[in-house]
Amino acid sequence: MQNPISSGASPSPARAPAPLGFGRVFTEHLLMLQWSQGRGWHDAEIRARADLAMDPAAAALHYGQSMFEGLKAFRGADGVVRVFRMDAHLRRMQNGAPRVAMPGIDIELTRTHLLELLRRDAAWVPRERGQSLYIRPLLYATEPFLGVRPAQTYTLLVLLSPVGAYYDKGMEALRIWVEQEHVRAAPGGLGAVKTGANYAASLVAAARAKANGFDQVLWLDAVHRKNLEEVGTMNFFVRIGDEVITPPLGDTILAGITRDTSIALLRSWGYKVSERTIGIEEVVQASRTGALQEAFGTGTAAVIAPVGELGVGDLRLRLPGAPGEVGSRLYSTITGLQYGELEDTHGWLSAI
Ligand code: COI
């Protein structure tokens, strides 16, 4: 599909296609901030969305020195636009940047200008339940230099995209391939950082899984090739008996904000939640004994994505009840909070 909005056009939210899908439509404006050695962050500017002017030698293009974030704003039935967990997302970006030798963002400055951008393009925040405005900050090295070292100039841009469901299937259960050949991230590597390289590393296995009728892959650890890590672009949860298990954070797993939200909610409801190492063999065994209750992915884009089947080599583990009790409760509570229908007792929402 063609992007219906190109630079120089006079777009309007009414031109957005239906169904909206994910990440194809963009609003009119961009936020851009510059960073240089000695000056720090400067020259914040909201400008019309247009192609970027970039030196062909810019370090991000050659050596992948870049990272991004993804957060969302929601329009409630009361008309108020609220951003979900903005500070947690900005903090994660600030914390991740040093791992790819980039300057941390200035949280206060970024928040102030991001809110200004959101107010400017507020008409683009969809009105329908199930739709939202995806906010994509991107930090990248702009210095034109081909030597391999941390660049001395960077840009932070923020673009906005009205979105619907991430998966075409909506809340329909996903078929997941347990990937045993490729790995997403190795200990000591970049797996905990939202850098493009992690996503590039995932593409071949994901495409292969898709060609074989699966929706996404479940990544195993790079050393033993047996412990669960992440599912596609999401964190992974599995319920075995009365225990809800998710792999522990480390340097190979992204510290998902929806993961954190889900753990906090589950604990407040009295569920036993374990952040612990879990091998694929334990899941296979639980399936055999009937203890495997449900599995789901959590992420900003997908929110909660129920898993209906796991392909482990020749084995097919089926979870016929998907979406399960826990995934469904999390989905309705998280979306209820995001659309301002439930009381925000955690202070997770910022009205623009
Ligand atoms: C997220 O869900 O947090 C994401 O960033 C997904 C994105 C890579 C499409």
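Residues numbered from 1 in each chain as written. Predicted model: local features only at pLDDT ≥ 70, side-chain atom pairs only at ≥ 80, totals over all residues. Heavy atoms only, no water.

## Considerations on the packing of helix α2 (residues 86–96) against helix α3 (residues 107–120)
Contact pair α2 / α3: the axes reach a minimum separation of 10 Å and the direction vectors enclose 130 degrees. With respect to α3, the axis of α2 lies oblique. As for how α2 packs across α3, the hand of that crossing is right-handed. For the pair formed by α2 and α3, the contact residues are Met-86, Asp-87, Leu-90, Arg-91 and Gln-94 on the first element and Ile-107, Thr-110, Arg-111, Leu-114 and Leu-115 on the second. Residue composition of the contact of α2 with α3, by class: five nonpolar, two polar and three charged. (Axes fitted to C-alpha atoms, helices over the stretch in contact; angles between N-to-C directions. Helix = DSSP H or I, 4+ residues; strand = E, 2+ residues; numbered from the N terminus. Parallel < 35°, antiparallel > 145°, perpendicular 65-115°, else oblique. Left-handed = near helix turned anticlockwise from the far one by under 90°. Contact = heavy atoms within 4.5 Å. Nonpolar A, V, L, I, M, F, W, Y, C, P; charged D, E, K, R; others polar.)

## So, the packing of helix α5 (residues 257–268) against helix α7 (residues 325–338)
Across the interface, α5 lies against α7 with an axial gap of 11 Å and an inter-helix angle of 105 degrees. What the angle tells us is that α5 and α7 run roughly perpendicular. Contacts between α5 and α7 pair Thr-258, Thr-261, Ser-262, Leu-265 and Leu-266 from the former with Val-326, Leu-330, Thr-333 and Ile-334 from the latter. Of the residues belonging to the contact of α5 with α7, the class tally is five nonpolar, four polar and no charged.

## So, the nonpolar core
Judged by nonpolar contacts, the single largest core of 44 residues is most densely connected at Met-67, Ile-105, Leu-118, Ile-135 and Leu-139. The biggest single contributor to this core is strand β7 (residues 153–163), with six residues. Not counting chain neighbours up to four residues away, the residues in contact with Met-67 comprise Met-93, Gly-96, Ala-97, Val-100, Met-102, Pro-137, Leu-138, Leu-139, Val-193, Lys-194 and Thr-195. Of all hydrophobic cores here, the second largest spans 27 residues; its members include Phe-236, Val-283, Leu-310 and Val-312. (Core = buried A, V, L, I, M, F, W, Y, C linked by side-chain atoms within 4.5 Å. Buried < 20%, exposed > 50% of the residue type's maximum accessible area, 1.4 Å probe, protein only.)

## A short note on the site of the ligand
Every residue close to the ligand is listed here: Phe-22, Tyr-134, Arg-136, Tyr-166, Lys-194, Tyr-199, Gly-299, Thr-300 and Ala-301. Interatomic distance of 3.5 Å between a side-chain N/O atom of Tyr-134 and an oxygen atom of the ligand. Isolated, the ligand exposes 280 Å² of accessible area, and the fraction of that covered by the protein chains is 91%. Of the residues contributing to the shell around the ligand, the split by class is five nonpolar, two polar and two charged. Inspection of the shell around the ligand shows a minimum of three residues originating in each of domain 1 (13–163) and domain 2 (174–338). (Near = heavy atom within 4 Å. Polar contact = N/O pair within 3.5 Å; in protein donor to acceptor, adjacent residues only side chain to side chain. Areas by Shrake-Rupley, 256 points an atom, 1.4 Å probe, with all protein chains shown as cover. Domains from an automatic or database assignment.)

## Some points on the side chain of Thr-258
Within the secondary structure layout, Thr-258 lies in helix α5. A distance of 3.3 Å separates a polar side-chain atom of Thr-258 from the backbone oxygen of Gly-299. With near-sequence residues (within four places) excluded, Thr-258 lies in contact with Thr-298, Gly-299, Thr-300, Val-303 and Ile-334.

## Quick look at the domain arrangement of the protein
Assigned domains within the protein: domain 1 (13–163) and domain 2 (174–338). Taken over C-alpha atoms, the centre of domain 1 sits 27 Å from the centre of domain 2. Counting residues at the interface gives 21 residues for domain 1 and 21 residues for domain 2. The largest share of the area that domain 1 buries against domain 2 comes from Phe-68, Phe-84 and Arg-92, three residues that together contribute 32% of it. Between domain 1 and domain 2 we count one salt bridge in total. The closest approach of N and O atoms between Arg-85 and Asp-260, which form a salt bridge, is 2.7 Å. Here domain 1 and domain 2 share nine residue pairs in polar contact (both at pLDDT 80 or more) between them. Here the side of domain 1 that touches domain 2 gets four residues from one element, more than from any other, and that element is α2. Class assignment for the residues of the side of domain 1 that touches domain 2 results in nine nonpolar, five polar and seven charged. (Buried area = accessible area lost by both parts, 1.4 Å probe. Salt bridge = Lys/Arg side-chain N within 4 Å of Asp/Glu carboxyl O.)

## Here we look at the pairing of strand β14 (residues 292–299)
Across the eight residues that make up β14, a large majority, seven, are buried. As paired elements, strand β11 (residues 234–240) and β14 share six bridges and run antiparallel to each other. Bridge pairing links Asn-235 to Thr-298 in β14. Where β14 meets strand β15 (residues 303–312), five bridges bridge the pair, whose relative direction is antiparallel. Its bridge partner being in β15, Gly-299 is matched across the sheet by Val-303. (Pairing = 2+ DSSP bridges.)

## Things to note about the environment of Leu-310
Within the secondary structure layout, Leu-310 lies in strand β15. As a C-alpha pair, Leu-310 and Arg-288 span 22 residues in sequence and 13 Å in three-dimensional space. The residues contacting Leu-310, other than those within four sequence positions of it, are Ile-176, Val-178, Leu-218, Val-283, Leu-315, Arg-316, Leu-317 and Leu-319.

## Some details on α7
Residues spaced three or four apart along an α-helix face the same direction, because each turn holds 3.6 residues. With 14 residues, α7 extends 20 Å between its outermost C-alpha atoms, agreeing within 8% with the 20 Å of an ideal straight helix rising 1.5 Å per residue. Downstream of α7 by a residue or two, Gly-340 has a phi angle that is positive, lying close to 75 degrees. (Expected span 1.5 Å × (residues − 1).)

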